[in-house]
Amino acid sequence: MRAAPTTRGRPRLYRSYEQELALLDTPAKRRWTAALLVAAVLAAGVLPDDLAFLLATACVAAIGAIGLNLVTGYAGQVSLGHAFFLGLGAYTAAVLGGPPGGRVAGLGLPMLVWLPAAGAVAGLAGLAVSPIAFRLRGLYLAAVTLGLVFIGEHVFGEAHRLTGGAGVGRAAPAPELFGVRFDRPVRLLGVTLGRPQALYLLGLGLLVPMAVAARNLARSQVGRAFAAVRDRDLAAAATGISLRRYKALAFTISSAYAGVAGALLASMVGFIEPGSFDLSLSVQYIAMILIGGVATISGSLLGAAFVVLLPRLVQELPRFLPFVTGAQTGGFLTTAQLEQIIYGSLIVVFLVFEPRGLYGIWTRARNYFTEWPFSY
Amino acid sequence: MTRFVQSCVAGLGQGCIYALLALGFAIVLKATGVLSLAQPGLMALGAWFVVYFATIVDLPFLLAVTLAVVLTAVAGLVIERVAIRPLVGEPVFAVAILTIGVDLVLRIIVNDLIGSDVRPVGDPWGLKTVRLAGVVVQQRYLAMLATTAVVVVLLAAFFRRTRLGLAMRATARDQEVAMAQGVPVGRIFACAWALAGALAALAGLFIGAGSGIDQQSALVALKAIPALVLGGFDSVLGAVVGGLAVGLVEGWSSTYQAQYAAFLGHNFSQVVPWLVMFVVLLVRPAGLFGTAEVKRV
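The structure reproduced in this document is the subject of the present report. (Residues numbered from 1 in each chain as written. Chains lettered and ligands numbered in written order. Predicted model: local features only at pLDDT ≥ 70, side-chain atom pairs only at ≥ 80, totals over all residues. Heavy atoms only, no water.)

Looking now at the environment of L127 of chain A. Residue and element names in this part refer to chain A. Tracing the backbone shows L127 in helix 5 (residues 111-135). Spatially, the C-alpha atom of L127 lies 23 Å from that of V212, the residues being 85 residues apart in sequence. Once residues lying within four places of it in the same chain are set aside, the contact partners of L127 are A248 and T252. (Helix = DSSP H or I, 4+ residues; strand = E, 2+ residues; numbered from the N terminus. Contact = heavy atoms within 4.5 Å.)

Below, the discussion takes up the interface of chain A and chain B. How big an interface is tends to be expressed through the accessible area that disappears when the partners come together. Opposite the 36 residues of chain A that make contact, chain B presents 41 residues. Carbon and sulfur atoms make up 79% of the area that chain A and chain B hide from each other, which totals about 3500 Å². Contact with chain B buries area across many residues of chain A, yet R135, L139 and Y140 of chain A alone supply 19% of it, more than any other trio. Taken together, the links from chain A to chain B amount to zero salt bridges. (Buried area = accessible area lost by both parts, 1.4 Å probe. Salt bridge = Lys/Arg side-chain N within 4 Å of Asp/Glu carboxyl O.)

Okay, a nonpolar patch on the surface next. Among the surface-exposed residues, L107, L109, L112, V113 and F178 of chain A lie close enough to one another that they form a single nonpolar patch of about 500 Å² accessible area. Mapped onto the elements, L109 of chain A comes out in the loop between helix 4 (82-97) and helix 5. (Patch = residues over 30% accessible without salt bridge, like charges linked within 9 Å, V, L, I, M, F, W, Y side chains within 5 Å. Areas by Shrake-Rupley, 256 points an atom, 1.4 Å probe, with all protein chains shown as cover.)

What follows covers the pattern of salt bridges. Residue and element names in this part refer to chain A. Applying the stated criterion across every chain, the model contains six salt bridges over all chains. A salt bridge links E354 to R364, with the nearest nitrogen and oxygen atoms 2.1 Å apart. Of this pair, E354 sits in the loop between helix 14 (335-353) and helix 15 (357-371) while R364 sits in helix 15, and the two are 10 residues apart along the sequence. Among the residues examined, E354 registers a relative accessible area of 8% and is labelled buried. (Buried < 20%, exposed > 50% of the residue type's maximum accessible area, 1.4 Å probe, protein only.)

In this structure, P373 of chain A follows W372 of chain A across a cis peptide bond, with omega equal to 10°. The residue P373 of chain A is located in the segment after helix 15 in this model. Of note, the phi angle at A295 of chain A is positive, near 60°, even though the residue is not glycine. On the secondary structure map, A295 of chain A appears in the loop between helix 12 (279-292) and helix 13 (297-316). Of note in this structure, D58 of chain B is not a glycine but carries a positive phi near 70°.

Dropping the structure here:
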């Protein structure tokens, strides 16, 4: 994080290794990041309710997407099992934070306990799965993690005492931190914020440290080991990187991020149903990192925001496209179906035309302007 | 004893569906190196074609099935040409994810066509039974077993005896060398997808036999993946054996689990294939018939 001195007018002249590795390596990045952060916080005061809630969800989804990007983008271990870890986090939170003595199990613990615990339980599950990941790679691993989703769905659906059972579900614990209920209007520094805006601030407040931590991990020795494992596992092992250790580490951290995201998502929505942790949720997260940008943290944020906001954009479409109907049935396509088709086609379009995702588009645009008037 | 034999027949019948699908997976994987997750979508499409020709257009059943198989094979060709071919040379993971996208689109289209009802496929077997050596078994399972046996024999003959089959095997061994020998590798890819489509259509027909198809039917196709992994991913024989084995275990668990292990919950048999896959992978990472990866550090 240390802001190394730069030569005036030559921001990209690096004179030390630390400078080369700095999180924010140019003055422009430092200024813009600070400005974006301030804008994001101030936005809580002006955002309309529905948009604020969507952005709150996007912040939390971004935490999950960062987790998936760590294991799939950075360490190259394809995981289709992200939904399972999200679910695990959500139910750990629900069991620990839920009110005791009800229809379903609950211990009534505060958020300071259930949120880290959700991450820990999911992380441990990731650790438990990693031996299989050590023995397999590529498509085998994808197939196996696919199995996790189905087994998870069954377990969540059948453990009635913990999850309420399939089709019934249970309430999620309320997000309450340091005596502040974020699911109610909050009075902060003399400004009263509505429920969606409060949730948005909570999501943002948790996303920023977790994103910085992930970015920090990615530039460290661990991050370089991940990249080595991804690019050529045998070569990595030959240079002394323990595959067993780093694959286990990648899965553990990724699942822990997923656990936290699952717990927060459940808590924001207020209700969890076992059926929601299915394969399409995993695919949604894969879409986030593919659309946003593989092996980039800012790409995960962009991708999560895009995927979460997409349904809202699609809802506007019936006004412009006569063959799309806003109702549940009738017409040629409903908005829900159109949304799915758009996901599918977007994944295809990004893979074919811009494998580096939105982040790649951004780098190209940025380079065009920084190099202007030269084209290289 | 009767119950055991019945569960075996039902399991093997179900296993045939998995075997047909796993064959499609394995052929595409072997020829192109890509795990095609579009198989559920193709299967649903094939099933819909059967429904359309057999019950809506009202053609004779066999003709309807033939048309469905051919049309689904064509759909496979089109998908390969439009979505897969531009990505030749890209990382296999990218292509696998892309097939998920294709699958999404296919399934939405088919689900829209199917609607919210259960559609009978117009098969002649229904839930009719026949008495075989004192045991009552459903005709549809026998039809599945017979058809799968014929398909497997035909496929084996195709791979061993025809020029195209030889070219496919050569491509599977090494694409570049095959190309250097004059094999049109692109056309082989298309062929593999067409075969996968045809097999998926047959599987779709059998999924619908007796019970009909609805919007959820396509999900069954994913259970061919444990079958494929069990058999060893790139082995055609393994796909068949894996499919039958998974079906058999599923048949047994759906018959006996509720009685002897009720604590595992309803529909436990639905996840048994995945559990079997996990156990096999821990013991034999290359599956039963797969080529073990040579790896030394």
